[in-house]
Amino acid sequence: NAGVTQTPKFQVLKTGQSMTLQCAQDMNHEYMSWYRQDPGMGLRLIHYSVGAGITDQGEVPNGYNVSRSTTEDFPLRLLSAAPSQTSVYFCASSYSQSSSGNTIYFGEGSWLTVV
Amino acid sequence: AQSVTQLGSHVSVSEGALVLLRCNYSSSVPPYLFWYVQYPNQGLQLLLKYTSAATLVKGINGFEAEFKKSETSFHLTKPSAHMSDAAEYFCAVTGSSASKIIFGSGTRLSIRP
């Protein structure tokens, strides 16, 4: 029962480098999202997707791209890493986008440091 | 628009004492409310959620929360703290859709022996 799987767990990048954080879920969830967690700021939504081929911006989308070619996968791309993107990133999924209080399931996080 | 405020970034209680973590929300529509727990170096997992059924919601590990519309609150309680409860706790409210779930800034719970 894998749930939401994120890779890598830890990554150090140099300023200006690009990379992709991978996220996969095996629960056939329609909705997937990426959050970043910073001290004292809770979780902030970066991008989300309500189904394959559909993505939209959250609260803090600048500097990040996403795509959703399959139901299972939702990679997050950092185009040109900056020190301000040093954070812990969480991928999450839920059954649907509806406002019926669907539980959101989280991956275990990816710790990214940009130097 | 929805928002959530967690009062107290850090709460410390003695083992066996009452745990009370405070959460107040703002919502222009009937809210769905959640409490999530995050153990060190792990993702978030659901403790409990309120979805307009019973106002007193029981969750895992002995936690419960009461939805009080008049006070716009959804405080989390546990009668007797255990060392294993040490973690960070997040209150969250849904926005216009589940994709806009809004998280509070978190409360770190420490347990004193």
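Described below are features of the structure shown in this document. (Residues numbered from 1 in each chain as written. Chains lettered and ligands numbered in written order. Predicted model: local features only at pLDDT ≥ 70, side-chain atom pairs only at ≥ 80, totals over all residues. Heavy atoms only, no water.)

### A short note on the sheet that holds strand β1 (residues 4-7) of chain A
All names here are of chain A.
Piece 1. Spatial strand order, β1-β3-β8-β7: 4 strands in an open sheet with antiparallel pairing. Every interior strand has two partners, whereas the edge strands, β1 and β7 (64-66), have only one. With direction set aside, neighbouring strand axes in the sheet form an average angle of 20 degrees.
Piece 2. Relative to strand β8 (residues 76-78), β7 runs antiparallel, the two sharing 3 bridges. Bridging from a neighbouring strand, Tyr64 pairs with Leu78 of β8. (Pairing = 2+ DSSP bridges. Helix = DSSP H or I, 4+ residues; strand = E, 2+ residues; numbered from the N terminus. Axes fitted to C-alpha atoms, helices over the stretch in contact; angles between N-to-C directions.)

### What about the packing of aromatic side chains?
Piece 1. The tally for this structure, following the rule as stated, stands at 14 aromatic pairs over all chains.
Piece 2. Look at Tyr35(A) and Phe106(A): their rings are 6.0 Å apart centre to centre, the planes differ by 45 degrees, and that puts the pair in the tilted class. Here Phe106(A) lies in strand β10 (residues 105-106) and Tyr35(A) lies in strand β4 (residues 31-37), a separation of 71 residues in the sequence. Both residues of the pair, Tyr35(A) and Phe106(A), count as buried.
Piece 3. Within the aromatic cluster, the residues linked to one another by ring pairs are Tyr35(A), Phe90(A), Phe106(A), Phe34(B), Tyr36(B) and Phe103(B). (Phe/Tyr/Trp six-rings, centres within 6.5 Å; stacked < 30°, edge-to-face > 60°. Buried < 20%, exposed > 50% of the residue type's maximum accessible area, 1.4 Å probe, protein only.)

### Some details on the nonpolar core
Residue and element names in this part refer to chain B.
Piece 1. Grouped together as the largest cluster of nonpolar side chains are 27 residues, with contacts concentrated most on Trp35, Leu48, Phe74, Leu76 and Tyr89.
Piece 2. Elements that contribute at least two residues to this core include exactly β2 (10-14), β3 (19-26), β4 (33-38), β5 (44-50), β7 (64-68), β8 (73-78), β9 (87-93) and β11 (107-112).
Piece 3. What Leu48 contacts, discounting residues up to four positions off in sequence, is Leu33, Phe34, Trp35, Val57, Lys58, Gly59, Phe63, Glu64, Ala65, Phe74 and Leu76. (Core = buried A, V, L, I, M, F, W, Y, C linked by side-chain atoms within 4.5 Å. Contact = heavy atoms within 4.5 Å.)

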